[in-house]
Amino acid sequence: MSQARSPNCPECDGRLNAHGDETVCGECGLVVAEDRIDRGPEWRSFADDDTNPERTGAPLTRSRHDRGLSTEIGRSTRLKGRKRRQMARLRRQHNRARISSKRERNQVYAFTEIRRLVSRLSLPEQVRDHACSLVRSAQNEDLVRGRSLEGFAAASVYAACRVAGVSRTVDEVTDVARADANEQQAAYDALNRELGLPVGPIDPVEYIPRFASKLDVDASVERRARTLAEEAREAGIATGRNPSGVAAACLYTAARGTDGQLTQRETADVAGVTPVTLRNTYTDLQNQ
C-alpha cells in the first residue's frame, strides 16, 4: 500500500515543511498556512509571577460539595483595624452563602468526615472521591434520611475500599470513625442494597502485604503466605471465614515453616481476630 502523499506548494509544486505555527515551502519559501494559536501551557500567574508560574487553579474534585468551584476570601496581615474586621465579616458571610441548603450542609459535614477518615487510614484520593460520590448518590436516593451521617461517611469509605481492592477491615474503619459499628453496618447495608455496590468476597491475599509489614517478617515468609492463601481459596478453606483471619493464619503457617518467631497472639492481634480463629484456620491449612 502506497503512503498518502502530502500536498505540495501551490506556486512551485515544492515540498512543504511545517515549522512551529507556519507551513513553508522548502523551495520558494512561500508561507502556505499559519496558525498563531499557541497550544502550549500558559505560564501566567495573577498572584505571584516570580514564584508561582501557574495560571490555573485547583482541579475539580468530587470531595467538595461545590466541586471546588466556589471562591474564597483570603487573609492578609497587612490589613489593620476597621478594614481587617470588615474583611472578617465579609469572609464569614461569604462562607455562609456558599451553603445554600440543608442538603449542602449535610454534604459538607459528610465530606469533611470522609476526608478525615481517609487521612487517618492513609488511603488514596481515589477512595476519597469514590466515597464522596457514594454519599452524594445516597442523598439522591433519599437513603440518609433518619440515619447517621457519620455512619454513612464510614460506610462509604469502607465500601470504596472494597471496590478499589484496598485492604481495610470493618474494625479498622470503625476505630477511627465517629460512628459505632451498628450505625456503620446499617449505612453499608443500605448502600449495598439500594445502590448495588460492585463488591464481592474479599481475597485474603489483599491483607497479607500489610500484615507482613506490621509483623516485620521476611519477604520469603510473605511469598509463602501468598501461596498458602491461594491454595486455601482453591480448596474452599477461606469460604465463609474472616478473610483477615485467613491471611493471618497463612502468615503464621508460613513463619512456622521457617525460623520465624511469630506467636499466635501477636499475629491475631495484627489481624484483629482471636487466636482461636487463627488456630482453626491454621489446623485446616496443615491438614490440606
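Cut-offs and rules
Residues numbered from 1 in each chain as written. Predicted model: local features only at pLDDT ≥ 70, side-chain atom pairs only at ≥ 80, totals over all residues. Heavy atoms only, no water. Helix = DSSP H or I, 4+ residues; strand = E, 2+ residues; numbered from the N terminus. Disulfide = S-S within 2.5 Å. Pairing = 2+ DSSP bridges. Axes fitted to C-alpha atoms, helices over the stretch in contact; angles between N-to-C directions. UniProt positions renumbered as here; feature names shortened; annotations may be inferred. Contact = heavy atoms within 4.5 Å.

1. Structural notes on unusual backbone geometry
Alright, step 1. Not every positive phi belongs to a glycine, and D142 is a case in point at roughly 60°.
Alright, step 2. If you trace the backbone, D142 turns up in the loop between α3 (125-140) and α4 (149-164).
Alright, step 3. Even without being a glycine, D216 presents a positive backbone phi close to 60°.
Alright, step 4. Looking at where D216 falls in the secondary structure, it is placed in the loop between α7 (208-215) and α8 (219-235).

2. Quick word on the state of the cysteines
Alright, step 1. Applying the stated criterion across every chain yields a total of 0 disulfides.
Alright, step 2. Free cysteine C12: the closest other cysteine sulfur is in C25, separated by 3.5 Å.

3. Points about the sheet that holds strand β1 (residues 16-19)
Alright, step 1. Ordered by their spatial adjacency, 3 strands build an open sheet running β1-β2-β3, and the pairing between neighbours is antiparallel. On the outer flanks of this sheet lie β1 and β3 (31-34), each paired with one strand and no other. Direction aside, neighbouring strands of the sheet carry axes that sit 20° apart on average.
Alright, step 2. Sheet topology note: the β1/strand β2 (residues 22-25) ladder contains 4 bridges and is antiparallel. If you follow H19 over to β2, its bridge partner there is E22.

4. Observations concerning the UniProt feature "binding site: Zn(2+)" (unreviewed entry) in the protein
Alright, step 1. UniProt records the feature "binding site: Zn(2+)" (unreviewed entry) for C9, C12, C25 and C28 in the present numbering. Maximum C-alpha separation among the annotated residues is 8.7 Å over a sequence range of 20 residues, consistent with a single clustered spot.
Alright, step 2. Mapped onto the elements of the fold, C12 is located in the segment before β1.
Alright, step 3. Excluding residues within four positions of it along the chain, C12 makes contact with C25, E27 and C28.
Alright, step 4. Within the fold, C25 resides in strand β2.

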